Amino acid sequence: VIDIRALHKKTGAFTYDPGFTSTASCSSKITFIDGDKGILLYRGYPIEQVAEKCDFLEACYLLLNGELPDGREMKEFVNSITQHTLVHEQLTHFFNGFRRDAHPMAILVGVIGAMSAFYHESMDVKDEEFRKLSAIRLIAKMPTIVAMCHKYSTGLPFMFPKNSLGYSENFMRMLHGTPCDEYLPNPVLTRALDRILILHADHEQNASTSTVRLAGSSGANPYACVAAGIACLWGAAHGGANEAVLLMLEEIGDVSRIDQYIKRAKDKEDSFKLMGFGHRVYKNFDPRAILMRQTCHEVLNELGLHDDKLFKLAMQLEKIALEDEYFIAKKLYPNVDFYSGIVLRALGIPTDLFTAIFAMARTVGWIAQWDEMITDSEQKIGRPRQLYKGAAKRDVVPIANR
Ligand code: ACO
């Protein structure tokens, strides 16, 4: 590792690294990834163990505080989350300003950004108590708001949170339930959603987290920063991939057409990429994809959907791609989103809500990273340099003479 900041001070040198492929923008104690070995640790704990032994709120506590909670700490944390699940009544009016067919991510960017107008104390980013309160508010309200995005698009009434339920169960009820009938949660499906949330909770300096850090480096409030993160997550190369995978599978439609799409993915003249394949850091396998694949089987078994056409298609696509020389040479493996879309679909979640669910999960990571950045004395305002390739200095000729 070269400390380029020190080298810059001494010699004026700086690096050219579009896409930050080999530049660390910060130091962090939250998440560790070894892309070659397929290792992902949350605060030192392997993702496999966190996914198996913890629920999502425990993982949130771990990411925010650095340690797993004991029974008392967990109870207090859950209490503080449940106290904040309701959204301000004024905020609910925001929805009416959107078209019913607006993409949920478009609504989410707006509504989360608007939260800064409701919690003025969050502007004081140097105050630890306010930072903690903002973290709790964001984690608590995100499921309520994501469920509202869905209800708004379908024209159904918003569901209030029911605080006796767990985090994922509550979300499923707000999403699928109506005031007319009691929602009966299925523990296998609730656990699957919880697992999706755990697996997406943090992933070090990915594009959206870096966006949150960059926005926050100017001292912007956490709601505005998270709104920026949501905007970045939306893209198909990042969080939009889970939605893009499903759309791609539907477009392929039949096992007989897989070869045609593999051929397109390899063709450099064609911009088509196999969605859900490849990762900037994982060049062997994505450990989250393995856990997600297992969850996918559990959910399809529970629902008796092993013969699901899309799932069979996905399995066959994975098999063919993994045996293909191009994919082997470029180290392209299925990432977590290759399977999460299939699971979300089986949970009855509409495709255009997939990325919003990712945002719900990643909120804790964004806010933990934002908090770490605020308290890091090494951190300065984010201000990348550039390699200027434009015109050399020249004089303006008055318009009449041009
Ligand atoms: N299908 C076909 N070819 C691919 C794919 C793919 N899915 N992914 C990468 N490649 C090729 C590239 O064309 C490139 O080829 P080249 O060397 O001939 O130029 C090579 O593999 C390296 O890929 P890059 O795009 O340079 O790798 P980068 O690290 O910049 O991008 C990314 C990683 C964005 C994830 C990319 O693999 C991709 O677009 N995948 C599909 C979208 C996706 O699944 N995104 C989810 C990421 S995980 C997440 O956000 C939770």
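Residues numbered from 1 in each chain as written. Predicted model: local features only at pLDDT ≥ 70, side-chain atom pairs only at ≥ 80, totals over all residues.

> Account for the overall build of the protein, with residues named and values stated.
Of the regular secondary structure elements, the protein holds 18 helices and 3 strands. The C-alpha radius of gyration of the protein comes to 22 Å, within 12% of the 21 Å expected for a compact globule of 402 residues. Along the longest, intermediate and shortest principal axes, the C-alpha atoms of the protein span 70 × 55 × 55 Å. Within the protein, buried positions represent 41% of all 402 residues. Of all intrachain contacts in the protein linking residues separated by at least 6 positions in sequence, the fraction that spans at least 24 positions is 75%. (Helix = DSSP H or I, 4+ residues; strand = E, 2+ residues; numbered from the N terminus. Rg over C-alpha atoms; globule rule 2.2 N^0.38 Å. Buried ≥ 20, exposed ≤ 12 C-beta atoms within 10 Å, placed from the backbone. Contact = placed C-beta atoms within 7 Å.)

> Outline the UniProt feature "active site" (unreviewed entry) in the protein, listing residues and values.
When the UniProt feature table is mapped onto this chain numbering, "active site" (unreviewed entry) sits at His 279 and Asp 337. The greatest C-alpha distance among the residues just named is 10.6 Å, despite their covering 59 residues of sequence, which places them together in space. Turning to its location among the elements, His 279 is positioned in the loop between helix H13 (258–266) and helix H14 (287–302). Excluding its chain neighbours within four sequence positions, the residues that come into contact with His 279 are Asp 286 and Asn 335. With respect to the secondary-structure elements, Asp 337 resides in helix H17 (residues 336–346). C-beta crowding within 10 Å serves as the criterion here: with 31 such atoms nearby, Asp 337 is assigned to the buried category. Setting aside residues no more than four positions away along its own chain, Asp 337 makes contact with Ala 241, Asn 242, Val 245 and Gly 276. (UniProt positions renumbered as here; feature names shortened; annotations may be inferred.)

> Let's hear about the nonpolar core: which residues, and what values?
Formed by 108 residues in total, the largest nonpolar core has its most connected members in Leu 108, Val 343 and Ile 357. Among the elements that make up this core, the one with the highest residue count is helix H18 (residues 354–374) (13 residues). Leaving out residues up to four positions away in the same chain, Val 343 has contacts with Ala 192, Ile 196, Met 292, Thr 295, Cys 296 and Val 299. (Core = buried A, V, L, I, M, F, W, Y, C linked by C-beta atoms within 7 Å.)

> Hey, could you go over helix H9 (residues 187–199) for me, with residue numbers and the actual values?
An ideal rise of 1.5 Å per residue puts 18 Å on 13 residues; H9 measures up with 18 Å between its terminal C-alpha atoms. For H9, the buried fraction is high: 10 of the 13 residues fall into the buried class. Inspection of H9 places Leu 189, Thr 190, Ala 192, Leu 193, Asp 194, Arg 195, Ile 196, Leu 197, Ile 198 and Leu 199 among the buried residues, and these make up the whole buried set. (Expected span 1.5 Å × (residues − 1).)

> A description of the packing of helix H6 (residues 104–114) against helix H11 (residues 222–233) should follow, citing residues and the corresponding values.
Put simply, H6 and H11 touch, their axes get as near as 8 Å, and they point 170° apart. When the axes of H6 and H11 are compared, the pair comes out roughly antiparallel. Crossing angle aside, the handedness with which H6 passes H11 is left-handed. For the pair H6 and H11, contact is made by Met 105, Leu 108, Val 109, Ile 112 and Gly 113 and by Tyr 223, Ala 224, Val 226, Ala 227, Ile 230 and Ala 231, respectively. A per-class count over the contact of H6 with H11 returns 10 nonpolar, 1 polar and no charged. (Axes fitted to C-alpha atoms, helices over the stretch in contact; angles between N-to-C directions. Parallel < 35°, antiparallel > 145°, perpendicular 65-115°, else oblique. Left-handed = near helix turned anticlockwise from the far one by under 90°. Nonpolar A, V, L, I, M, F, W, Y, C, P; charged D, E, K, R; others polar.)

> Could you give an account of the sheet that holds strand E1 (residues 31–34), naming the residues involved and the relevant values?
Across the sheet, 3 strands lie side by side as E1-E2-E3; this open sheet has antiparallel pairing. Each edge of the open sheet is held by one strand with a lone partner, namely E1 and strand E3 (45–46). Examined bridge by bridge, E1 and strand E2 (residues 39–42) share 4 bridges and lie antiparallel to one another. From the neighbouring strand, Phe 32 faces E2, where its bridge partner is Leu 41. (Pairing = 2+ DSSP bridges.)

> Hey, could you go over the confidence of the model for the protein for me, with residue numbers and the actual values?
Here the protein shows a mean pLDDT of 94. Residues at 70 or above account for 100%. Predicted as a complex, the structure gets a pTM of 0.93 and an ipTM equal to 0.95. (pLDDT = per-residue confidence, 0-100.)

> Outline the pairing of E2, listing residues and values.
Because side chains alternate across E2, one face comprises the buried residues Leu 40 and Tyr 42, and the other comprises Ile 39 and Leu 41, none of which is buried. Here E1 hands over to E2 after 4 residues, with Gly 38 in that stretch at a positive phi of 70°. As paired elements, E2 and E3 share 2 bridges and run antiparallel to each other. Bridged to Leu 41 within E3 is Pro 46.

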